[in-house]
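Chain residues, written in single-letter form:
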Amino acid sequence: SSPVFLQYVDCVHQLCEQFPSAFEFNSLYLAELLHHLTSCLHGTLLGNCERQRADLPPTLPLWPALSEPRFVNQSYAPGAHTTLHIDPGAVRPWTAYYCRGAERIKMEQLPLLETRCSQLADETERLRRRLQQLA
């Protein structure tokens, strides 16, 4: 399989790192997207064209699975970044993705704010479901 999509998502990750409030999604979204690129759980990213996808057995679409609150960038500021001035010196290896599963390498931490916002979004969703059960 071609690495072009992986390279593209890595470039998007680099932009997210340099401009944390410019995107509606967080780095967890990108990692999950790449995970499903090869998981075969969703047919959205399988095949190279519509004809190839038509020959595959039916699968669930990927996009609803990526619409969970934990994938939302809580620091997103619409319109704040009309022009992105990229710093090539700020590009760093995406160790949280490329080194996943390597127990000897400590995973990079999400920024504290992003981690806390993700926890709060999960808690809010859990409480919403609980409230619906009680109603």
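Residues numbered from 1 in each chain as written. Predicted model: local features only at pLDDT ≥ 70, side-chain atom pairs only at ≥ 80, totals over all residues. Heavy atoms only, no water.

### Focus on the confidence of the model for the chain
No. 1: Chain-level statistics for the chain give a pLDDT mean of 84 and a share of 89% at 70 or above.
No. 2: No element of the chain has a lower mean pLDDT than helix α4 (residues 95-98), at 82, and none a higher one than helix α1 (residues 4-18), at 92. (pLDDT = per-residue confidence, 0-100. Helix = DSSP H or I, 4+ residues; strand = E, 2+ residues; numbered from the N terminus.)

### Overview of the environment of glutamate 68
No. 1: Looking at the element boundaries, glutamate 68 is found in the loop between α3 (50-54) and α4.
No. 2: Owing to a relative accessible area of 34%, glutamate 68 belongs among the partly exposed residues under this scheme.
No. 3: Separated by 54 residues in the primary sequence, glutamate 68 and aspartate 122 place their C-alpha atoms 8.7 Å from one another.
No. 4: Among the polar contacts listed, one links the side chain of glutamate 68 to the side chain of arginine 70, at a separation of 2.7 Å. (Buried < 20%, exposed > 50% of the residue type's maximum accessible area, 1.4 Å probe, protein only. Polar contact = N/O pair within 3.5 Å; in protein donor to acceptor, adjacent residues only side chain to side chain.)

### A look at the packing of aromatic side chains
The description of an aromatic ring pair uses the distance of the two centres, along with the angle that the planes make with each other.
No. 1: Counted by the stated rule, this structure contains seven aromatic pairs.
No. 2: For the pair tyrosine 29 and phenylalanine 71, a centre-to-centre distance of 6.0 Å together with 80° between the ring planes defines the contact as edge-to-face. Within this pair, whereas tyrosine 29 is found in helix α2 (residues 27-39), its partner phenylalanine 71 is found in the loop between α3 and α4, the two being separated by 42 residues in sequence. Across the pair, exposure class does not vary: tyrosine 29 and phenylalanine 71 are buried alike.
No. 3: Feature note: the residues Phe23, Phe25, Tyr29 and Phe71 constitute an aromatic cluster, connected by ring pairs. (Phe/Tyr/Trp six-rings, centres within 6.5 Å; stacked < 30°, edge-to-face > 60°.)

### Examining the side chain of aspartate 10
No. 1: Looking at where aspartate 10 falls in the secondary structure, it is placed in helix α1.
No. 2: For aspartate 10, a relative accessible area of 15% gives the class buried.
No. 3: Not counting residues up to four positions away in its chain, the partners in contact with aspartate 10 are Trp94 and Tyr98. (Contact = heavy atoms within 4.5 Å.)

### Some thoughts on the nonpolar core
No. 1: Val9, Leu30, Leu66 and Trp94 are the most contacted members of the largest nonpolar core, which totals 13 residues.
No. 2: Taken together, the elements giving at least two residues each to this core come down to α1 and α2.
No. 3: With four residues, α2 is the largest single contributor of residues to this core. (Core = buried A, V, L, I, M, F, W, Y, C linked by side-chain atoms within 4.5 Å.)

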